[in-house]
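# Chain and residue survey
One letter stands for each residue in the lines below.
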Amino acid sequence: MTASEERRLIAIAAVAGVAQNAIAIPYVREHGTRSVADFFVGKIWSTVPGKFAMVDLILVVVAFHAWALPE
């Protein structure tokens, strides 16, 4: 893996971390720590937990393809 490919993967991981926390942290602050279980149930895209899960999955897929295609 070249240095530029490694930097690209690090950038994708950083974006993933920021995007997830930008959605999750305000939700937990508003609804409390017991609401964390809500992140894994509900209608996809119609709730904050659904958005969190879908953003996570999309970013994982993008990161995987960024790694797998050059390999």
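Preceding this section is the structure that the text describes.
One structure accompanies this document, and this report is about it. All figures in this text were calculated on a predicted structure; none of them were measured in a lab. (Residues numbered from 1 in each chain as written. Predicted model: local features only at pLDDT ≥ 70, side-chain atom pairs only at ≥ 80, totals over all residues. Heavy atoms only, no water.)

### A short note on the overall build of the protein chain
Worth spelling out the cut-off: Helix and strand labels come from DSSP, where a helix needs a run of H or I of at least four residues and a strand needs a run of E of at least two; each type is numbered from the N terminus. When checking whether two residues touch, look at their non-hydrogen atoms; a contact exists if any pair is within 4.5 Å. Per-residue and other accessible areas follow the Shrake-Rupley method at a 1.4 Å probe size, with only the shown protein chains counted as cover for residues.
Broken down by element type, the protein chain carries two helices and zero strands. Pairs at least 24 apart in sequence give 45% of the contacts found in the protein chain among residues at least 6 apart. With the model as given, the accessible surface of the protein chain reaches about 5,200 Å², and the carbon-plus-sulfur share is 67%.

### Here's the deal with the environment of Asn21
Heads up, the condition is: Here a polar contact means two N or O atoms within 3.5 Å. Within protein one must be a hydrogen donor candidate and the other an acceptor candidate, and residues neighboring in sequence count only if both atoms are side-chain atoms.
Among the secondary structure elements, Asn21 is positioned in helix H1 (residues 3-31). In sequence terms Asn21 and Phe52 are 31 residues apart; their C-alpha atoms lie 8.7 Å from each other. Polar contacts involving the side chain of Asn21 include one to the main-chain carbonyl oxygen of Gly17, which spans 3.0 Å.

### Things to note about the side chain of Gln20
Which entries qualify depends on this criterion: A simple rule labels every residue: compare its accessible area, found with a 1.4 Å probe on the protein chains alone, to the largest value its type can have, and call it buried under 20%, exposed over 50%, or partly exposed in between.
Within the element layout of this structure, Gln20 appears in helix H1. For Gln20, a relative accessible area of 18% puts it in the buried group. What Gln20 contacts, discounting residues up to four positions off in sequence, is Phe52 and Asp56.

### What to know about the packing of aromatic side chains
The test is simple: For Phe, Tyr and Trp, rings pair up if their centres lie within 6.5 Å, where Trp contributes its six-membered ring, and each pair is then called stacked (planes under 30 degrees apart), edge-to-face (over 60) or tilted (otherwise).
Within the structure shown, the criterion is met by one aromatic pair. Seen from their ring centres, Phe64 and Trp67 are 5.7 Å apart, and the 50° between their planes marks the pair as tilted. Of this pair, Phe64 and Trp67 both sit in helix H2 (residues 48-68), three residues apart, which is roughly one turn of the helix.

### So, H2
To keep it simple, the criterion reads: Here, expected helix span is obtained from the residue count minus one, scaled by 1.5 Å.
Given a rise of 1.5 Å per residue, 21 residues ought to cover 30 Å, and the 30 Å separating the end C-alpha atoms of H2 matches this to within 8%. Those residues of H2 lying buried are Pro49, Gly50, Phe52, Val55, Leu59 and Ala66. Elements in contact with the buried residues of H2: H1.

### Brief notes about the packing of H1 against H2
Applicable threshold: Simply put, an axis is a line fit to the C-alpha atoms, just over the touching stretch for a helix, and the angle between two N-to-C directions goes from 0 to 180 degrees. For classification purposes, angles smaller than 35 degrees are called roughly parallel, those larger than 145 roughly antiparallel, those between 65 and 115 roughly perpendicular, and all remaining angles oblique. Three categories are distinguished: nonpolar for Ala, Val, Leu, Ile, Met, Phe, Trp, Tyr, Cys and Pro, charged for Asp, Glu, Lys and Arg, and polar for the others, with Gly belonging to the last.
The contact between H1 and H2 brings their axes to 10 Å, and the two run at 175°. What the angle tells us is that H1 and H2 run roughly antiparallel. When H1 is examined against H2, the residues Leu9, Ile12, Val15, Ala16, Ala19, Gln20, Ile23, Ala24 and Tyr27 are found in contact with a partner set consisting of Val48, Pro49, Lys51, Phe52, Val55, Asp56, Leu59, Ala63, Ala66 and Trp67. Residues that form the contact of H1 with H2 fall into these classes: 16 nonpolar, one polar and two charged.

### What to know about H1
Counted at 1.5 Å a residue, the expected span for H1 with its 29 residues is 42 Å, and the 42 Å between its end C-alpha atoms agrees. For H1, the full list of buried residues reads Ile12, Ala16, Gln20, Ala24 and Tyr27. Those residues of H1 that are buried are in contact with H2. Just past H1, the residue Gly32 takes up positive phi, approximately 90°.

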